[in-house]
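# Coordinate analysis (summary)
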Amino acid sequence: MKNREIAELFERIADALEVKGETGFKVVAYRKGARILQDMAEDVEAVAREGRLGSVPGIGEGLAKKIREYLETGKMAKFAEAMKGLPESLLGLLEIQGLGGKTVHLMHEKLGVKDIDGLKRAIADGSLAGLPGMGDKKVDNLRRALEARERTAERVSICEAAVIADEVIAYLRKAPGVGRVSAAGSLRRMKETVGDIDILACGKDGSKIIRHFTRHPGAVRVLAEGGTKGSVVIRTGDAERQVDLRVVAEREYGAALLYFTGSKAHNIKLRGLAKERGLKISEYGVFKGDKRLASREEEDCYRVLGMPWIPPEMREDRGEIELALENRLPRLLEAADIKGDLHVHTRASDGDLSLGEVAGLARKMGYSYIAICDHSRSVTYARGLEVERLAAEIEEIEAFNRTLRGFRVLKGSEVDILADGSLDFPDKLLGRLDFVVAAIHSGFKKNVTERMLKALANPHVRTIAHPTGRLISRRGGYEVDLDRVIDGAARHGKALELNAYFDRLDLDELNLKKAKSKGVRISIGTDTHFADGLAMMRFGVGIARRAWLEKGDVLNTLGADELVGRTAIRKERGKRARRP
DNA sequence: GCCGTTTTCGGCCCGACTGTTTTCAGTCG
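Residues numbered from 1 in each chain as written. Chains lettered and ligands numbered in written order. Predicted model: local features only at pLDDT ≥ 70, side-chain atom pairs only at ≥ 80, totals over all residues. Heavy atoms only, no water.

### Examining the overall build of chain A
When helices and strands are counted, chain A shows 24 helices and 17 strands. A compact globule built from 580 residues would reach a C-alpha radius of gyration of about 25 Å, and chain A, at 27 Å, matches this within 12%. For chain A, the spread of C-alpha atoms along the principal axes amounts to about 85 × 65 × 50 Å. Counting across all 580 residues of chain A, residues that qualify as buried make up 52%. (Helix = DSSP H or I, 4+ residues; strand = E, 2+ residues; numbered from the N terminus. Rg over C-alpha atoms; globule rule 2.2 N^0.38 Å. Buried < 20%, exposed > 50% of the residue type's maximum accessible area, 1.4 Å probe, protein only.)

Right, here's the structure in full:
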């Protein structure tokens, strides 16, 4: 799939044009094209082959031609042309806060700055300050931006962002005269990683609330402290994270929340739509001339634009506005729909908790079941269970279940898919289980696709855990042809997992969309190993919502009887089929 | 470069902030 490659090229063309001073709408068009390609669940090659490039909104004649050229020749003449005379390293300067195309162009032209080191030298020897429009403060800000860049990660995991935001929001609720408080930005949209942490509050006296905010005990630096906006750097562990707060009047809360939640592309589409109708939309409301039509609630703003409220997770300009206008938005999966967790470890393998402890926590979450899926014998580093230990665990769970009412522990396993695609336990043992998750933990480059397909064909397997194996902060994942795995799951009527652990979130939103389009159900499991792990479900649900999954797409919205009953029925069918 | 039951040319989201200016450009979200 070349979607990302081509998106990257368009992105760099946009950067190069910007640095060459060709700002404006051409640059925007390339950036938009890049985003569309990245968001596209379909393989751009297939779309091009079927002659459908022209019908993708945002891809016109020009971009379509360049895409075809790249697919056919592996090259894009426009890219070479745009990069002519520009060192590649120059484009990296655009990532520095406060540096845009104009300034980078000027620095390159007048001072011969080519990269970050060149910029540092130009700051140090004073030549930068000599540029027109460049004063002491700008130079100083750039110096600080360079320092900050070395200290803070570009994006943080949604989990880390949520923990910080939850804490700061709780703290802000104690501010004098504060009204509603909410996370905004990509955190509210539940993106798998988050840039800055954005928080919105309302209240009569913005300055007082912001002063309270900048006095947060974890704040190591205050970047801004005004009447409507505050910005601090908060230290968590060894990292520093920027948290921005905006305070608006209560009557503007909805419009401001809509605006600060984004995404930018969603906002732009909405504003264009408003304009077509003679309206104007800003963070202060939806206006007709000077008349404010809506601003208090997000719902009001959407309503005067002729559509129902759009869930934040959908706000990416991926067709949600068009659907909303036709009143055809899907009813997304909700946290309350989840009846159990389908991937949980205990102390028997590498978890921290006993069976009783994890079941107790699950009950507190309001679940009616969990599936205990400890590792199998080959995963020695995780104390994988031998046959006898799994048999013992099965008996332990059965005995435990007899003591319970209104809750059930499902007997499961995260059984390893071995190098030859066979499973780490014999079928007879797997047949005693309620829920079998198959997974790869070794041989990431060895026939992964074939092994997964073979596992999916086993009648006892219900789902494949973390099907790409990526770890967001650490590694890309297995060498796997996921399209074939999705097709295999569809063929065998099996599910695929959405692993809700924050560093996995695997399948990701694009692959979830693909799976849904093929009719493949998704099992959401937290893969929990410790007490806080079950709560990761919120991220799984968030990503599922970003992929537009509905209740019916997700396996663990079923009750335990239905879930296990289906297994039993399938096994029965399998047996009958095998008997001539 | 994209787009169009107003348009095939002339539009293309909106406002705030900052720092540099003496009326505005650049950048950001």
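Let's pick the thread back up.
### Section: the sheet that holds strand β8 (residues 280-282)
Spatial strand order, β8-β9-β10: three strands in an open sheet with antiparallel pairing. Edge positions in the open sheet fall to β8 and β10 (291-294), since each of these has one partner strand only. Within the sheet, the average angular offset between the axes of one strand and its neighbour, ignoring direction, is 35°. (Pairing = 2+ DSSP bridges. Axes fitted to C-alpha atoms, helices over the stretch in contact; angles between N-to-C directions.)

### Looking at the environment of leucine 106
Along the chain, leucine 106 falls in helix α7 (residues 101-111). The class for leucine 106 is partly exposed, based on a relative accessible area of 24%. Along the sequence, leucine 106 and leucine 53 sit 53 residues apart, while their C-alpha atoms lie 37 Å from each other. Aside from chain neighbours lying at most four places away, what touches leucine 106 is Leu111, Leu131 and Pro132. (Contact = heavy atoms within 4.5 Å.)

### Things to note about the packing of helix α17 (residues 355-364) against helix α18 (residues 387-401)
The N-to-C vectors of α17 and α18 enclose an angle of 50°; their axes lie 11 Å apart at closest approach. Between α17 and α18, the angle is such that the two are oblique. Our pair here, α17 against α18, has a crossing hand that is right-handed. Taking contact as the criterion, the partners of Leu355, Gly356 and Ala359 in α17 are, on α18, Glu396, Ile397 and Phe400. Within the contact of α17 with α18, the residues separate by chemical class into four nonpolar, one polar and one charged. (Parallel < 35°, antiparallel > 145°, perpendicular 65-115°, else oblique. Left-handed = near helix turned anticlockwise from the far one by under 90°. Nonpolar A, V, L, I, M, F, W, Y, C, P; charged D, E, K, R; others polar.)

### Looking at helix α14 (residues 264-276)
Residues separated by three or four positions in an α-helix point in the same direction, a consequence of the helix having 3.6 residues per turn. Along its 13 residues, α14 runs 18 Å from first to last C-alpha, staying within 8% of the 18 Å computed at 1.5 Å per residue. Taken together, the buried positions of α14 are occupied by Ala265, His266, Asn267, Leu270, Leu273 and Ala274. Lining the buried residues of α14 we find α2 (25-39), α13 (253-261), β8, α15 (298-304) and α16 (320-325). Following α14 by one or two positions, glycine 278 has its phi on the positive side, about 75°. (Expected span 1.5 Å × (residues − 1).)

### Remarks on the nonpolar core
One finds Ile199, Leu245, Ile370, Val409 and Ile524 to be the most contacted residues of the largest nonpolar core, which totals 88 residues. If one sorts the elements of this core by residue count, helix α10 (residues 158-172) sits on top with nine residues. When residues of this core are assigned to domains, at least three map to each of domain 2 (156-248) and domain 4 (335-578). Those residues in contact with isoleucine 370, other than ones at most four positions away along the chain, are Asp341, Val344, Val358, Ala359, Ala362, Phe407, Arg408, Val409 and Leu410. Within the second largest apolar cluster, 51 residues are counted, among which are Ile59, Leu86, Leu91 and Leu93. (Core = buried A, V, L, I, M, F, W, Y, C linked by side-chain atoms within 4.5 Å. Domains from an automatic or database assignment.)

### Quick word on the environment of leucine 433
Structurally, the position occupied by leucine 433 is in the loop between α19 (427-430) and β14 (435-439). In this structure leucine 433 comes out as buried when scored by relative accessible area, which is 4%. Spatially, the C-alpha atom of leucine 433 lies 63 Å from that of lysine 20, the residues being 413 residues apart in sequence.

### Points about the pattern of salt bridges
A full pass over the atoms with the stated rule returns 40 salt bridges. As a salt-bridge pair, glutamate 322 and lysine 269 come within 2.8 Å of each other at their nearest N and O atoms. Separated by 53 residues along the polypeptide, glutamate 322 in helix α16 and lysine 269 in helix α14 bring together distant segments of the chain. For glutamate 322, a relative accessible area of 35% gives the class partly exposed. Residue lysine 269 is classed as partly exposed on the basis of its relative accessible area, which comes to 28%. Ionic pairing is found between glutamate 326 and arginine 328, a salt bridge with its closest N-O pair at 2.8 Å. A cluster of three or more residues bridged by salt bridges with shared partners is formed by Arg35, Asp39, Arg189, Lys269, Glu316, Asp317, Arg318, Glu322, Glu509 and Arg546. (Salt bridge = Lys/Arg side-chain N within 4 Å of Asp/Glu carboxyl O.)

### What to know about the confidence of the model for chain A
Residue-level pLDDT values for chain A average 91, and 97% of them are 70 or greater. Segment residues 574-580 is flagged for pLDDT under 50; beyond a separation of four residues in sequence, or across chains, it makes one contact in the model. (pLDDT = per-residue confidence, 0-100.)

### Examining the protein's contact with DNA strand B
Taken together, 40 residues form the shell around DNA strand B, and within it Gly58, Thr103, Gly135, Tyr259 and Arg271 come nearest. A breakdown of the atoms of DNA strand B within 4 Å of the protein gives sugar and phosphate a share of 73%. The separation between a phosphate oxygen of DNA strand B and a polar side-chain atom of lysine 66 is 3.1 Å. Note that a phosphate oxygen of DNA strand B is positioned 2.4 Å from one of the side-chain N or O atoms of threonine 103. Of all the elements, α14 adds the most residues to the surface near DNA strand B, at five residues. Looking at the surface near DNA strand B residue by residue, the classes come out as 13 nonpolar, 14 polar and 13 charged. (Near = heavy atom within 4 Å. Polar contact = N/O pair within 3.5 Å; in protein donor to acceptor, adjacent residues only side chain to side chain.)

### A few points about the packing of helix α1 (residues 3-19) against α2
Packed helices, taken two at a time, are described by the angle their axes make and the gap between the axes. For the pair α1 and α2, the least separation of the axes is 8 Å and the interaxial angle reads 165°. One finds that α1 runs roughly antiparallel with respect to α2. Handedness of the crossing formed by α1 with α2: left-handed. Residues Asn3, Arg4, Ile6, Ala7, Phe10, Glu11, Ile13, Ala14, Asp15, Leu17 and Glu18 of α1 form the contact with α2, whose participating residues are Lys26, Val27, Tyr30, Arg31, Gly33, Ala34, Leu37 and Gln38. Of the residues contributing to the contact of α1 with α2, the split by class is 10 nonpolar, three polar and six charged.

### Remarks on the packing of aromatic side chains
Enumeration according to the criterion identifies four aromatic pairs in this entry. Measuring from ring centre to ring centre gives 4.8 Å for tyrosine 259 and phenylalanine 260, while their planes differ by 75°; the resulting arrangement is edge-to-face. A residue is classified by how much of its surface remains accessible, and tyrosine 259, at 29% relative accessible area, is partly exposed. Its end group placed over the ring of phenylalanine 287, lysine 280 keeps NZ or CZ at 5.8 Å from the ring centre. (Phe/Tyr/Trp six-rings, centres within 6.5 Å; stacked < 30°, edge-to-face > 60°. Lys NZ or Arg CZ within 6 Å of the ring centre and 35° of its normal.)

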